[in-house]
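# Understanding the architecture of this molecule
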Amino acid sequence: MSHTHKGGPLKTHPEMEEIAALVESWKAPEVLRWALDRFHPRLAFASSFGAEDVVVIDLLSRIRRDARIVTLDTGRLHEETYDVIERVRRRYGVTIEVHVPEREAVERLSRDRGLYSFRDSIEARKECCRIRKVEPLRRALHGLEAWMTGLRRTQGVTRVGVPKIECDAAFGLIKVNPIADWSEVQVWDYIREHDVPYNALHDRAFPSIGCSPCTRAVQPGEDPRAGRWWWEQPDQKECGLHATQVETGRTPAEATREHALAAPVPPARG
Ligand code: SF4
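The rules behind the values
Residues numbered from 1 in each chain as written. Predicted model: local features only at pLDDT ≥ 70, side-chain atom pairs only at ≥ 80, totals over all residues. Heavy atoms only, no water. Pairing = 2+ DSSP bridges. Helix = DSSP H or I, 4+ residues; strand = E, 2+ residues; numbered from the N terminus. Axes fitted to C-alpha atoms, helices over the stretch in contact; angles between N-to-C directions. Contact = heavy atoms within 4.5 Å. Bend = angle between axes of the 7 residues up to and from the residue. Near = heavy atom within 4 Å. Nonpolar A, V, L, I, M, F, W, Y, C, P; charged D, E, K, R; others polar. Buried < 20%, exposed > 50% of the residue type's maximum accessible area, 1.4 Å probe, protein only.

Spatially, 5-4-3-6-8-7 is the arrangement adopted by the six strands of the open sheet, whose pairing is mixed. Since the sheet does not close on itself, it has two edges, and those belong to strand 5 (96-99) and strand 7 (165-168), each with one partner. Recorded for the sheet is a direction-independent mean angle of 30° between the axes of neighbouring strands. Pairing of strand 7 with strand 8 (residues 173-176), which is carried by four bridges, proceeds in the antiparallel orientation. Within strand 8, the position partnered with Cys167 by the bridge is Ile174. Across the sheet, helix 6 (residues 122-141) touches strand 3 (43-46), strand 4 (68-72), strand 5, strand 6 (146-148) and strand 8, and the angle it forms with strand 4 is around 160°.

Attention now moves to helix 6. If you look at helix 6, its biggest bend is around 45°, right at Arg130. Positive backbone phi, at 85°, marks Gly143, one or two positions downstream of helix 6.

As a matter of local geometry, the ligand sits amid Phe118, Arg125, Cys128, Cys129, Arg132, Lys133, Cys211, Cys214 and Trp229. Here the residues of the shell around the ligand sort into six nonpolar, no polar and three charged.

For Ile131, the location among the structural elements is in helix 6. For Ile131, a relative accessible area of 15% puts it in the buried group. It is 9.6 Å that separates the C-alpha atoms of Ile131 and Arg103, two residues lying 28 residues apart in sequence. Beyond its immediate sequence surroundings of up to four residues, Ile131 is in contact with Pro101, Ala105, Val106, Leu109 and Pro136.

This is how it looks when you write it as structure tokens:
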């Protein structure tokens, strides 16, 4: 996949190289304002409506309510996730673009491998994620210049090197991670201070929420992502949506160093 942007390779685009170094020192609202000014409407926030994502939506809604928000209905989500999606929609008056998997691919998967194929092997799990998540996200991001996420560096071993802006090799887009340097405490302080709607599962020891059959509650002291695909090793716990640093076989730190857009990671704030 070529990583072009405005007619030139993304890695060498002068404006982006310059801005990437600055972005690391900006606070989340500044990052969002810059991204919206620069890319809207060819920019979307991909949200799974976890705690980080509702914070980003609250921040976005303070800048412009027509900021694009996309989400994936994998067909295996918790009822609580649909509930928070609807509460967010009503609270902020935003439009949420819901993308579903290809019907034929899901039917084929269920027919050939059953309804719980993701338990059989890592390959089978990734196949399910590819059909239910990666392909719909690819469609959701088609035609965009940039996308945004609520990724944070302290969410797990696969995310320690997340920069605030990067070249997403998997999708060939700019990827903006405005709260990459936030702590979990910051996220929850923000939610309480601004009375942001959040997924009720967070109150039942689900710090990270994905599909219902692939997410469980965590024990006190466990890694926040321990409840995701809990039968797999920690360094394999990504679904392909954030594949830049995972499926290449490089560690997050290696991948980040290799990105021309990635600036040095500052110490976590607050
Ligand atoms: Fe399939 Fe589980 Fe991935 Fe959801 S999280 S797409 S159910 S493997």
